[in-house]
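Per-entry structural report
Here is what each chain is made of, one letter per residue.
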Amino acid sequence: LHGFIVPHGDRHLGEYIPKQARRLAWLTGFTGSAGMAVVLKERAAVFVDGRYTLQAEGEVDATLFQSLHLIDNPPAEWIAANLPAKARLGYDPWLHTPQQVARWRAACEKAGARLAALADNPVDQVWTDQPAEPIAPVVAHDIAFAGKTAADKRREIAASLAAEKLDAAVLTAPDSIAWLLNIRGGDIPFAPLALAFAVLHADGAVELFMDQRKSTPGLAGHLGDGVAVTGPEVFGAALDRLGAAGKAVRLDPERAPAWIFERLKKAGARLAKGDDPCALPKAVKTPGELAGIRAAHRRDGAALCRFLAWLAA
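Before going into details, it helps to say that this report is about the structure given with it. Bear in mind that the values here come from a model prediction, so they are computed numbers and not experimental data. (Residues numbered from 1 in each chain as written. Predicted model: local features only at pLDDT ≥ 70, side-chain atom pairs only at ≥ 80, totals over all residues. Heavy atoms only, no water.)

Here we look at the overall build of the protein
Note the following rule: By the criteria applied, helices consist of DSSP H or I runs no shorter than four residues and strands consist of E runs no shorter than two, each listed in order from the N terminus. Our radius of gyration looks at C-alpha atoms and nothing else; its globule reference is 2.2 Å times the residue count to the power 0.38. For every residue, the accessible area (1.4 Å probe, protein chains only) is compared with the maximum for its type, and the residue is labelled buried under 20%, exposed over 50%, or partly exposed between those bounds. When checking whether two residues touch, look at their non-hydrogen atoms; a contact exists if any pair is within 4.5 Å. Note on areas: Shrake-Rupley, 1.4 Å probe, and residue coverage restricted to the protein chains presented here. Note that His is not counted, nor are the chain ends; the positive residues are Lys and Arg, and the negative ones are Asp and Glu. Here the site of a charge means atom NZ of a Lys, CZ of an Arg, CG of an Asp or CD of a Glu.
Across its full length, the protein carries 13 helices and 14 strands. Against the globule reference of 20 Å for 313 residues, the protein gives a C-alpha radius of gyration of 22 Å, in line with a compact fold. Considering only C-alpha atoms, the protein reaches an extent of 70 × 55 × 35 Å along its principal axes. Out of the 313 residues belonging to the protein, those deemed buried represent 46%. Pairs at least 24 apart in sequence give 66% of the contacts found in the protein among residues at least 6 apart. Carbon and sulfur atoms make up 56% of the accessible area of the protein, which totals about 15,900 Å². Each charge class in the protein was averaged separately, 36 positive and 35 negative side chains, and the resulting centres sit 3 Å apart.

Focus on the pairing of strand 10 (residues 197–201)
This is how it is decided: At least two bridges found by DSSP between two strands is the condition for calling them paired.
Judged by how many residues are buried, strand 10 sits mostly within the fold: four of five residues are covered. The sheet contact formed by strand 8 (residues 168–171) and strand 10 spans four bridges and is antiparallel. Bridge assignment links Val 170 to a residue of strand 10, and that residue is Val 199. Of the pairings in the sheet, the one linking strand 10 to strand 11 (residues 206–209) comprises four bridges and is antiparallel in character. Bridge pairing in strand 11 links Leu 200 to Val 206. Joining the antiparallel neighbours strand 10 and strand 11 is a turn of four residues, in which Gly 204 adopts a positive phi near 95 degrees.

Things to note about the pairing of strand 2 (residues 36–40)
Most of strand 2 sits inside the fold, with four of its five residues counted as buried. In this structure, strand 1 (residues 3–7) lies alongside strand 2, joined through five bridges in antiparallel fashion. Following the sheet pairing, Pro 7 is matched in strand 2 by Met 36. Across four bridges, the pairing between strand 2 and strand 3 (residues 44–48) is antiparallel. Considered in strand 3, the bridge of Met 36 is made with Phe 47. Connecting strand 2 to the next strand, strand 3, in antiparallel fashion are three residues.

Details of the environment of Gly 292
Considering the arrangement of structural elements, one finds Gly 292 in helix 13 (residues 287–312). Taking the C-alpha atoms as reference, Gly 292 lies 6.6 Å from Phe 145; in sequence the two are 147 residues apart.

Looking at unusual backbone geometry
Residues other than glycine seldom take positive phi values, yet Lys 165 does so here, at roughly 60 degrees. In the Ramachandran plot, Asn 182 falls in the positive-phi region, its phi being about 50 degrees despite a non-glycine side chain. Relative to the helices and strands, Asn 182 is located in the loop between helix 8 (174–181) and strand 9 (183–184). Using a relative accessible area of 3% as the deciding quantity, one classes Asn 182 as buried.

Some remarks on the sheet that holds strand 10
Using the following cut-off: Angles run from 0 to 180 degrees between N-to-C directions of axes, and those axes are lines fitted to C-alpha atoms, restricted for helices to the stretch in contact.
The strand order across the open sheet formed by six strands is 12-11-10-8-13-14, and the pairing between neighbours is mixed. Strands with a single pairing partner mark the edges of an open sheet, and in this sheet they are strand 12 (227–230) and strand 14 (270–273). Between one strand and the next, the sheet's axes are offset by a mean angle of 20 degrees, whatever the strand orientation. Here helix 7 (residues 150–163) sits on the sheet in contact with strand 8, strand 10, strand 11, strand 12 and strand 13 (248–251), set at roughly 65 degrees to strand 10.

What to know about the pattern of salt bridges
Formally: Counted as salt bridges are all cases of a side-chain nitrogen of Lys or Arg within 4 Å of a carboxyl oxygen of Asp or Glu.
All told, the structure shown has 14 salt bridges when counted by the stated rule. Close ionic contact of Asp 124 with Arg 23 constitutes a salt bridge, the shortest N to O distance being 2.8 Å. Within this pair, whereas Asp 124 is found in helix 5 (residues 122–126), its partner Arg 23 is found in helix 1 (residues 23–28), the two being separated by 101 residues in sequence. The class for Asp 124 is partly exposed, based on a relative accessible area of 25%. Residue Glu 207 pairs with Arg 241 through a salt bridge whose shortest N-O separation is 3.3 Å. In this pair, Glu 207 sits in strand 11 while Arg 241 sits in helix 10 (residues 235–244), placing the two residues 34 residues apart along the sequence. Linked by salt bridges that have partners in common, Glu 15, Asp 49 and Arg 51 make up one network.

Encoded structure:
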């Protein structure tokens, strides 16, 4: 390799990520919630948006990294201008969407170089004290707060897939999985989510892929017979089965890693690119969810008023 792309993100491509996935912060010192770095043999650059310009200047060693604005100086243009001809630029296909990969590939081609997907992330190989992946407990989300059972949600989303003649949808967003199955976790700071992947089939059955050490007493009963829980290590094999059967699979190109697209495509699946099927239904709140939102705002408003009163005193 002549270089490697290091984004801020994890396998779920979220803005808020566990400590184990904070590769950009470990490598560069930049701790913001959005940004990326491109490290070449002779030079390196960190790209941040306008929110983090001053922060990057204070956190990143300017003798090692050039700090650039993500919009004014796009990474793709920097790659095209600085990557030597015939060089090989690596990336982790779990940490980029297909659109991003296409952008990096075009930049490499413009430089006369090539882009290479790596099976192992080289940052992980040198980050000797990298934290372990989180295994916070996963619990059921009470129907009083959800307002709709997980079984009903699964049936409704499955029916929408069947109506589009799709066999399954691969869910990569933890918030969609939490909503669909009425579960909550603690793998991510400031968000009650469990890191997991899921496959929702057109008959309403769900395959949930997560570290089973997260399971708590009563969780299996809450999920029911229609949800099979297995470890994340068999996720790839499940995608292979979808492909081998020639299934039509919905996958969100703006939220899913390129690795999943490539695995399904190689296995023979018929990819149906489209929005996460849970995104819109999740946005339509039940009376129970609306009540929870209002109650949270009242508590938050009271706390803010107490703070402002203290500040003014």
